[in-house]
Amino acid sequence: MISIEKITLRPVSEEDDDFLLSVYAGTRAAELAQVPWSAEQKEAFVRMQFTAQKQHYAAEYAQANHDLICLDGVPVGRIYLARAADGFHILDITVLPEHRNSGIGSFLLGRIIEEAQGAGKPVSIYIENFNPSLRLFERLGFHKDKEHGFQLFLKWSPSR
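None of the values given here were measured: they were computed from a predicted structure.

(A) View of unusual backbone geometry. Positive phi, close to 55°, is recorded for Asp72, a residue that is not glycine. Accessibility expressed as a relative area gives 53% for Asp72, which makes it exposed.

Shown next, in the form of structure tokens:
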């Protein structure tokens with residue numbers, strides 16, 4: 001496990017786009033391994049999807065915090081969190097594969113839950129039903145609120 005003192009967040013800047021693209025590409029790698037496209041086609045697809053996601057989040061969640069997850073000051077992932085009057089919504093939390101299962105996600109989600117508990121607000125996230133991190137969310141007290149195809153809407157609710 002990683003020492004929690006080594007985990008920090010810093011706001012994303014334009015200079016982080018290449019890193020963010022690589023993080024996003026990592027989330028699509030297994031899916032793209034299934035298609036018979038060339039490397040160039042896969043790269044173009046990932047770049048197009050990354051740009052679309054970035055524009056969508058900026059338009060729909062303009063007040064959301066978009067931060068790099070850093071370990072000893074080195075970026076190892078990203079988190080996109082919208083804090084609204086009716087609750088917190090995690091748009092994205094991704095840790096690079098080589099840093100997964102080390103406690104980073106648990107630590108950050110724990111901080112979000114703690115903040116939401118203090119504010120008396122729920123926390124939600126959309127996640128695919130095949131995503132290995134589903135077990136982490138369930139362990140932290142998230143439950144399935146809605147299901148649409150392979151997309152699950154998970155919700156954590158503060159104790160009353």
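(B) Structural context of the side chain of Thr94. Relative to the helices and strands, Thr94 is located in strand E4 (residues 87-95). Within the structure, Thr94 has its side chain in polar contact with the side chain of Asp92 (distance 3.1 Å). Apart from residues lying up to four places away in sequence, Thr94 is in contact with Val23, Thr27, Ile69, Val76, Gly77, Arg78 and Arg100.

(C) Spotlight on the layout of surface pockets. The space that makes up the largest pocket amounts to roughly 1400 Å³. In terms of lining, the largest pocket is formed by 44 residues, of which the most central are Ile93, Ile127, Glu128, Asn131 and Ser133. Looking at the lining of the largest pocket, the elements with two or more residues in it are helix H1 (17-32), helix H2 (39-60), E4, helix H3 (104-119), strand E5 (123-128) and helix H4 (134-139). Tallying contributions element by element places H1 first for the lining of the largest pocket, with eight residues. Its residues placed into classes, the lining of the largest pocket shows 21 nonpolar, 15 polar and eight charged.

(D) Highlighting the environment of Thr51. As for its position among the elements, Thr51 is in helix H2. Along the sequence, Thr51 and Ala25 sit 26 residues apart, while their C-alpha atoms lie 12 Å from each other.

(E) Structural context of the packing of aromatic side chains. Counted according to the given criterion, the structure contains seven aromatic pairs. When the ring of Tyr57 is compared with that of Tyr61, the centres are 6.4 Å apart and the planes differ by 75°; the resulting orientation is edge-to-face. Look at Tyr61 and you get partly exposed, because its relative accessible area is 29%. Relative to Phe150, the ring of Phe130 lies with its centre 5.8 Å away and its plane at 40°, an arrangement referred to as tilted. Of this pair, Phe130 sits in the loop between E5 and H4 while Phe150 sits in the loop between strand E6 (143-148) and strand E7 (151-156), placing them 20 residues apart in sequence. Judged by its relative accessible area of 58%, Phe130 is exposed. When its relative accessible area of 44% is taken as the criterion, Phe150 is described as partly exposed. Put simply, the rings of Tyr57, Tyr61 and Tyr80 pair up and form one aromatic cluster. The residue whose ring lies beneath Arg83 is Phe88, and the NZ or CZ to ring-centre distance is 5.7 Å. If you follow Lys146 out to its NZ or CZ, it ends over the ring of Phe153, 5.3 Å from the centre.

(F) Structural detail: H3. Here H3 contains 16 residues, and its C-alpha end-to-end distance of 23 Å stays within 8% of the 22 Å for a straight helix at 1.5 Å per residue. Taken together, the buried positions of H3 are occupied by Ile104, Gly105, Phe107, Leu108, Leu109, Ile112, Ile113 and Ala116.

(G) Summary view of the sheet that holds E7. One open sheet accounts for seven strands, arranged E1-E2-E3-E4-E5-E7-E6; its pairing is mixed. Single-partner strands in this sheet number two, and they are strand E1 (7-11) and E6. Strand after strand, the sheet turns through a mean of 30° between neighbouring axes, direction not considered. Two strands pair when backbone bridges link them, and strand E3 (residues 74-84) and E4 are joined in this way by eight bridges, in the antiparallel orientation. Its bridge partner being in E4, Ala84 is matched across the sheet by Gly87. In the packing of H2 onto the sheet, contacts are made with E3 and E4, and the angle to E3 comes to roughly 35°.

Rules used throughout
- Residues numbered from 1 in each chain as written.
- Predicted model: local features only at pLDDT ≥ 70, side-chain atom pairs only at ≥ 80, totals over all residues.
- Heavy atoms only, no water.
- Buried < 20%, exposed > 50% of the residue type's maximum accessible area, 1.4 Å probe, protein only.
- Helix = DSSP H or I, 4+ residues; strand = E, 2+ residues; numbered from the N terminus.
- Polar contact = N/O pair within 3.5 Å; in protein donor to acceptor, adjacent residues only side chain to side chain.
- Contact = heavy atoms within 4.5 Å.
- 1 Å grid on protein atoms, 1.4 Å probe; cavity = no way out; pocket = protein on both sides within 12 Å on 5 of 7 lines; lining within 4 Å.
- Points joined across faces, edges and corners; volume = space filled by probe spheres on them.
- Nonpolar A, V, L, I, M, F, W, Y, C, P; charged D, E, K, R; others polar.
- Phe/Tyr/Trp six-rings, centres within 6.5 Å; stacked < 30°, edge-to-face > 60°.
- Lys NZ or Arg CZ within 6 Å of the ring centre and 35° of its normal.
- Expected span 1.5 Å × (residues − 1).
- Pairing = 2+ DSSP bridges.
- Axes fitted to C-alpha atoms, helices over the stretch in contact; angles between N-to-C directions.

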